[in-house]
Amino acid sequence: MIESMMRPEIALGDFLPIFISSAFVLVFGSLYVGVYTAVKVKMLKNWVMLFAYLFWFLTCYMLYIMGSLMHVGEFTVKVLVIAMIGYLMLPHAIYYIQHQVHEENEQ
Amino acid sequence: MANNYLKSESKQLATWYFTFAAIIFGAQLVFGLVAAIQFVMPSFLYQILDFSIARILHINALVVWMVFAMFGSVYWLLPDETEIETVGIKIGKLLFWVFAAAIVVVVLVFLFIQVGPADQTTIWFITEGREYIEAPRWADIGIVVVALGFVANLFLTGIKGKQTGIVTVLMADMIAFSGLYLAGMFFTDNISVDQYWWWWVIHLWVEATWEVFVGAIAAYGLIKMLGAHRQVVEMWLWIEVSMLFGSGILGMGHHYFWIGTPEYWWEIGALFSALEPLPLVAMFVHVLYDWGKTQGAQEAHHEKVSVIKNRPAFTWFVLNAFGNFLGAGVWGFFHTLPQINLYTHGTQFTAAHGHLAFFGAYATILIGMFYLAVQGKNGIKVMKSTKLSIWSTSMITGGVMGMTVALTIAGYVQVIVERAQMGATWSGYFDSQSGAWFTQAMDWRLLMGVITFLGFVLLATDLLRTGKSAIHER
Amino acid sequence: MANKSVWSDNRFWQRTAAWVTGFASILLIWLTFDTSAQISMGNDADLKNGVTKRVPGPTVINYKISYEMSTKRGHEVPYIGGNDGKGGSLFKEKEKFFGRDDYSEKEAADLLHLGKLGSQAKNCMDCHTLMGNGAYYAPDLTKAWLDPAWGPEGSMQAVTGKSTKEEAMAEFLQHPNLYPTHARMMPNLGITAQEAKGLVAFLKHLSSIDTNGFPRNFGKMQGALNGK
């Protein structure tokens, strides 16, 4: 795994797409949870939720671009797939917990 | 100055800390401008106030004003949280003057003596020459004494008064914050060991204990400004602490890729620093959630008024949530994986990340605290934005964003020319620095720096004036 | 408060925070012990017995140092006293440093000590980077000792009127304002001849530290295009 980490070398033309895709991993990633939460607390209309999941999909796609340009190993690919599934569930869990606390304290 | 509305001595002390912090903030920007001018015009102040000295003052003033504002924030919120006057406030006030005097002496020595001979007297009395913590050894010891006094104030008050979740987090966090400074106070001939421990101070401050501090302050601010539910806010704070420390402590690995430390830090650093943006996303979502919920509850009662009790402070808190994510998260994630970091480490990329992260994660929320103090000091019930506050916020934010983008472009040129093609030699370095894209990026950086500085002047004016303005509800 | 679940219990999250923080801290401390052992400085006996250390002893200044690709490691590593052809250092080839290659452990350690102190007393890190950390106003010094600019094919020996790399570097460090290499000039920091010698020893030692292949492709690609 260590050997595969630095080889093969990143091609010169790949630096820019890597920087851009890695930035967009986080931008789309935060848009996903942001839009999800905003819809849930009724700052946005319900149909906007579609975009939340679209942003999640774009996050995955950007991560895929970044990972393949950086030549990540097989093990890392598995980790990334699991991470993205986890990320899909994350805002649901967070909202559930927060909502629960809110309800309990409103009573 | 008439402190009519401040009954608490702790809050008065907080305003001293905030005032001194704001002055040092200004100094930070002035020396930043000097350094930015030198990138464009290298002969500027050559052998009078060289880049190295301007930069020491730029980054040390940054650290010092933030530490002052952080201490001030704690003194400000303690009476609110614990419902008692801070214990040992007289000593707290004395230590403020000791701290401020020590800082002035250190700055004067940096400015006028600058460097010393290669022996221990220089380390003790002039400079330690270690980035961010250049302050000489005598000042280190002084800082430890002052920090211990501050932590004692906090602990005694927390134990005697009501110990809320926010206070508990601050107690644990501040002791770690002060204790870590000790890791940066020794000399060794082995530069790998030197940098290993140096990062304990730098990283465990800015990517762990300071971030937790921000979480605690944000929690306090949300309760104060929005009337957010304490139970929700504090539970969320604990989750943030878990996420921040869980990713941040071992995220240190991303500084151990190339300093002589073993290769296993590649995997550790990559994994944990990839997780570091998560708590930042969480903090951002949390602000959104509380805002939506409280405003929603208000509107359910058919009241269309905003729930925000301090508009300028809230603006800065929202900028914090967003800026923390963008500066520390996006600009950090960019170059945190070892495959990429091999090429970006030690280029203007790091400078771009540093500018946006320190601003987004820390400057924003501390400026927010300044506004909370102005509100409290002047007995204002609902504080509105003024024209000045809107202009200053936009100019500072726009200026820092502009500098960050310019530095990112400069960093990209460096990565491609110096690192990927020329292999980081002397000539490779200067080839990258002479490219048109690089030099133009530096021109833009200077221009954006000037805008940031003008924004600061407006901010200082607003902070001094807005308390007397008639537009606020009293 | 009847149907209070674990997930919305503050105490639960407080304990989680404590456990997570404690666990991460303990792991960091454990790794620190391991790393500290691996980055402790070697000594003269290690060099003589061919023991590879990540941070070699100060007498490494008696040896020739190079920085070459190791197929075993997948990146460049410093080779001390030649390359043994199997991805390791040979520890044989010596190199004169200010005319000598027989510095005793004490002499070499004193020079390194002086140089490290000097690097801090003159605020090197506030313009340069060392192992990539510092400021970005001047070149990285991690492998400065191996920089072609100072070698026989580079220009700096001729510019400073010296015939060896170490003398050229020491001369430059004492009077940087006399030898402009770029519009951005290093200021005169009052470095004495002895301090300069110490600083050069510090730089030579620095170049022998195993930095996991940072910087990449050092000095190999002058004028090359497309990173190949």
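Residues numbered from 1 in each chain as written. Chains lettered and ligands numbered in written order. Predicted model: local features only at pLDDT ≥ 70, side-chain atom pairs only at ≥ 80, totals over all residues.

**Here's the deal with the overall build of chain B**
Then comes step 1: The helix and strand tally for chain B stands at 16 helices and zero strands.
Then comes step 2: For 474 residues, the compact-globule estimate of 2.2 N^0.38 gives 23 Å, and the C-alpha radius of gyration of chain B, at 22 Å, lies within 12% of that figure.
Then comes step 3: The proportion of buried residues among the 474 residues of chain B is 64%.
Then comes step 4: In chain B, the share of contacts with a sequence separation of at least 24, taken over all contacts with a separation of at least 6, comes to 80%. (Helix = DSSP H or I, 4+ residues; strand = E, 2+ residues; numbered from the N terminus. Rg over C-alpha atoms; globule rule 2.2 N^0.38 Å. Buried ≥ 20, exposed ≤ 12 C-beta atoms within 10 Å, placed from the backbone. Contact = placed C-beta atoms within 7 Å.)

**Topic: the overall build of chain A**
Then comes step 1: The helix and strand tally for chain A stands at four helices and zero strands.
Then comes step 2: Taken over the C-alpha trace, chain A has a radius of gyration of 18 Å; the compact-globule value for 107 residues is 13 Å, which it surpasses by more than 25%.
Then comes step 3: For chain A, with 107 residues in total, the buried portion stands at 34%.

**Some points on the interface of chain C and chain B**
Then comes step 1: The partner chain B presents 65 residues to the 75 residues of chain C that form the contact.
Then comes step 2: A total of 14 residues in the side of chain C that touches chain B trace back to one element, the largest contributor, which is helix α1 (residues 10-39) of chain C.
Then comes step 3: Looking at side-chain class alone, the side of chain C that touches chain B contains 36 nonpolar, 28 polar and 11 charged residues. (Nonpolar A, V, L, I, M, F, W, Y, C, P; charged D, E, K, R; others polar.)

**A look at the interface of chain A and chain B**
Then comes step 1: Of the residues lining the interface, 27 residues belong to chain A; the matching set on chain B comes to 28 residues.
Then comes step 2: It is helix α2 (residues 15-40) of chain A that contributes the most residues to the side of chain A that touches chain B, 13 residues altogether.
Then comes step 3: Residues that form the side of chain A that touches chain B fall into these classes: 18 nonpolar, eight polar and one charged.

**Let's talk about the pairing of strand β2 (residues 75-80) of chain C**
All names here are of chain C.
Then comes step 1: Burial runs high along β2: six of the six residues are buried.
Then comes step 2: Relative to β2, strand β1 (residues 65-70) runs antiparallel, the two sharing six bridges. Note that in β2 the partner of E68 across the bridge is V77.
Then comes step 3: Here β1 folds back onto β2, and the loop between the two strands holds four residues, one of which, G74, carries a positive phi near 80°. (Pairing = 2+ DSSP bridges.)

**Brief notes about the confidence of the model for chain B**
Atom-level detail of predicted coordinates should not be read off regions where pLDDT is low.
Then comes step 1: Averaged over every residue, the pLDDT of chain B is 93; the share at 70 or more is 99%.
Then comes step 2: Reported confidence for the predicted complex is 0.95 by ipTM and 0.94 by pTM. (pLDDT = per-residue confidence, 0-100.)

**What about unusual backbone geometry?**
Then comes step 1: In this structure, the amide linkage connecting C:F214 to the following residue, C:P215, adopts the cis form with an omega of -5°.
Then comes step 2: With respect to the secondary-structure elements, C:P215 resides in the segment after α6 (193-207).
Then comes step 3: With a phi angle near 65°, A:K42 is a residue other than glycine that sits in the positive phi range.
Then comes step 4: Its place among the elements puts A:K42 in the loop between α2 and α3 (49-69).
Then comes step 5: For A:K42, a count of 13 C-beta atoms within 10 Å translates into the label partly exposed.

**So, the environment of A:L44**
Then comes step 1: On the secondary structure map, A:L44 appears in the loop between α2 and α3.
Then comes step 2: When neighbours within four sequence positions are excluded, A:L44 is seen to be in contact with A:V35, A:A38 and A:V39.

**A short note on α2(A)**
Then comes step 1: Taking 1.5 Å of rise per residue, the 26 residues of α2(A) would be expected to cover 38 Å, and the 38 Å separating its terminal C-alpha atoms lies within 8% of that figure.
Then comes step 2: Two residues or fewer after α2(A) comes A:K42, characterised by a positive phi angle close to 65°. (Expected span 1.5 Å × (residues − 1).)

**Brief notes about helix α3 (residues 89-112) of chain B**
All names here are of chain B.
Then comes step 1: With 24 residues, α3 extends 35 Å from end C-alpha to end C-alpha; this agrees with the ideal 34 Å at 1.5 Å per step.
Then comes step 2: Elements in contact with the buried residues of α3: α1 (9-40), α2 (51-82) and α5 (137-160).
Then comes step 3: Immediately beyond the C-terminal end of α3, within one or two residues, lies Q114, with a positive phi of roughly 65°.

**Regarding the packing of helix α7 (residues 191-226) of chain B against helix α8 (residues 230-251) of chain B**
All names here are of chain B.
Then comes step 1: At their nearest, the axes of α7 and α8 sit 9 Å apart, and the two run at 170° to each other. Relative to α8, α7 is oriented roughly antiparallel. For the pair formed by α7 and α8, the contact residues are E207, A208, E211, V212, G215, A216, A219, L222 and I223 on the first element and R230, V233, E234, L237, E240, V241, L244, F245, G248, I249 and G251 on the second.
Then comes step 2: When grouped by side-chain class, the residues that make up the contact of α7 with α8 number 12 nonpolar, three polar and five charged. (Axes fitted to C-alpha atoms, helices over the stretch in contact; angles between N-to-C directions. Parallel < 35°, antiparallel > 145°, perpendicular 65-115°, else oblique.)

**A closer look at the environment of B:W236**
Residues and elements named next belong to chain B.
Then comes step 1: Within the secondary structure, W236 sits in helix α8.
Then comes step 2: The exposure class of W236 is buried, given the 30 C-beta atoms found within 10 Å.
Then comes step 3: Each C-alpha atom, one on W236 and one on G428, is 48 Å from the other, the two residues being 192 residues apart in sequence.

**Focus on the confidence of the model for chain A**
Then comes step 1: Per-chain confidence: chain A averages 85 in pLDDT, with 91% of residues scoring 70 or above.
Then comes step 2: Confidence scores differ between elements of chain A, with helix α1 (residues 2-6) of chain A showing the lowest mean pLDDT of 52 and α3(A) the highest of 94.

**Thoughts on the packing of helix α11 (residues 311-333) of chain B against helix α13 (residues 348-377) of chain B**
All names here are of chain B.
Then comes step 1: The contact between α11 and α13 brings their axes to 7 Å, and the two run at 165°. The angle between α11 and α13 falls in the class roughly antiparallel. α11 and α13 meet at a crossing whose hand is left-handed. (Left-handed = near helix turned anticlockwise from the far one by under 90°.)

**What about the domain arrangement of chain B?**
Residue and element names in this part refer to chain B.
Then comes step 1: According to the domain assignment, chain B contains domain 1 (1-163) and domain 2 (312-466).
Then comes step 2: Computed from C-alpha coordinates alone, the two centres of domain 1 and domain 2 are separated by 21 Å.
Then comes step 3: Facing 23 residues of domain 1, the contacting portion of domain 2 comprises 21 residues.
Then comes step 4: Listing elements by their share of the side of domain 1 that touches domain 2, those giving two or more residues are α1 and α2. (Domains from an automatic or database assignment.)

**Brief notes about the environment of B:V405**
Residues and elements named next belong to chain B.
Then comes step 1: Here V405 lies in helix α14 (residues 387-421).
Then comes step 2: Taking the C-beta count within 10 Å as the criterion, V405 has 16 such neighbours and is therefore assigned partly exposed.
Then comes step 3: As for V405 and H353, which are separated by 52 residues in sequence, their C-alpha atoms are 9.7 Å apart.

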